[in-house]
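An overview of the molecular structure
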Amino acid sequence: MDVVPLGPGFAAELRGVTLSDIASNDEAYAAARAAFEQHSVLVFRDQDVTDDIQLGFSRRFGPPEVTKVGTIGTGSHFVILSTIGPDGKVVPPDHRLSLRSKANQLWHTDSSFKRVPALTSILSARIIPAHGGETEYVSTRLAFERLDAPMRERLEKSFAWHDYAHSRSQITPDLASPEERAALPPQCWRMVWKNPVNGRGAVYLASHAYAVEGMEPVAGKQLIEQLMAAATAPGTSYMHQWRKGDVVMWDNRATMHRGRPWPAHEARLMVRTTISATEADGVATMRSPSSQAAE
């Protein structure tokens, strides 16, 4: 297996290995896991991807999430990211599927709004547009290391509130349904996730973050915006240009990502599996002492 660096200090392509190899071979998994901990974003090209192969690969890294309410794939282990309607045609720009795609174009980390946050997401390209539709990544680990020491120390002791409805309301006020709001109450997480394997910290934020515990709302919002801007500064990202057969996985503890636009009339179909973080991944250190939901 060859590890080929791709991005500015993070992201790498793994060559000479398949998803099935990693799923079935302990040595291949150990090498891939080591690369994941180091590089945060891993790219696999020219994969023969089926749902079964993707899920088998995903399970190697931990317990797969069950897809939330209000999403295509609800109740399964798959999130279907599509702009193709039931009639097989591409939906119009004002359709709910298109609006959800726009919400995914905000910088975020997956599942920070859930009771159990995510370790990794695995995304496979099934149908891709001829132009656009890339996925862009930044390293929040490198962003944390660029901060001055007083700010790093402050963030290690700080907690932020995350809410699915908050990020969706940035697109349109009712994009998060009442059912989704009820199922996904706000969650509070430490603002730095320290990797238990290498000890490196990463800013833990997303478009879902809306408040900082113990700070006035305006000041907390300003701090979140300041950190988001620093983490996504020009020249810090890796832009993945999708090809059919690509699979990309990323560390939700140490990255943010966003989808990029594509022509509205072109179809796009991606399939995502998401693996929940466990105690071994450092999730216990992330929980806030407060168990009360933010008002």
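Residues numbered from 1 in each chain as written. Predicted model: local features only at pLDDT ≥ 70, side-chain atom pairs only at ≥ 80, totals over all residues. Heavy atoms only, no water.

**Quick word on unusual backbone geometry**
Not every positive phi belongs to a glycine, and S40 is a case in point at roughly 75 degrees. Of note in the backbone geometry, S111 takes a positive phi value of approximately 70 degrees without being a glycine.

**Focus on the sheet that holds strand β7 (residues 159–162)**
Adjacent strands of a sheet pair through backbone hydrogen bonds, lying either parallel or antiparallel. Spatially, the 3 strands line up as an open sheet ordered β8-β7-β11, and their pairing is antiparallel. The open sheet has two edge strands with one neighbour each: β8 (187–190) and β11 (209–212). The sheet shows a mean angle of 35 degrees between the axes of neighbouring strands, taken without regard to direction. (Pairing = 2+ DSSP bridges. Helix = DSSP H or I, 4+ residues; strand = E, 2+ residues; numbered from the N terminus. Axes fitted to C-alpha atoms, helices over the stretch in contact; angles between N-to-C directions.)

**Regarding the confidence of the model for the protein**
Here the protein averages 94 in pLDDT, and 98% of its residues register 70 or above. Between residues 291–295, whose pLDDT stays under 50, and residues either more than four places distant or in other chains, the model counts 4 contacts. (pLDDT = per-residue confidence, 0-100. Contact = heavy atoms within 4.5 Å.)

**With respect to the pattern of salt bridges**
Per the counting criterion, the structure on display carries 19 salt bridges. Here D26 ties to R60 by a salt bridge, and the two come within 2.5 Å at their closest N and O atoms. Here the residue D26 occupies a position in helix α2 (residues 26–39), and R60 occupies one in the loop between α3 (51–59) and β4 (79–82), the gap between them amounting to 34 residues. Residue D26 is classed as exposed on the basis of its relative accessible area of 58%. Given a relative accessible area of 24%, R60 falls into the partly exposed group. Salt-bridge contacts for R33 lead to D281; the nearest nitrogen and oxygen are separated by 3.0 Å. Taken together, the residues R33 in helix α2 and D281 in the segment after β15 (269–276) connect sequence positions 248 residues apart. (Salt bridge = Lys/Arg side-chain N within 4 Å of Asp/Glu carboxyl O. Buried < 20%, exposed > 50% of the residue type's maximum accessible area, 1.4 Å probe, protein only.)

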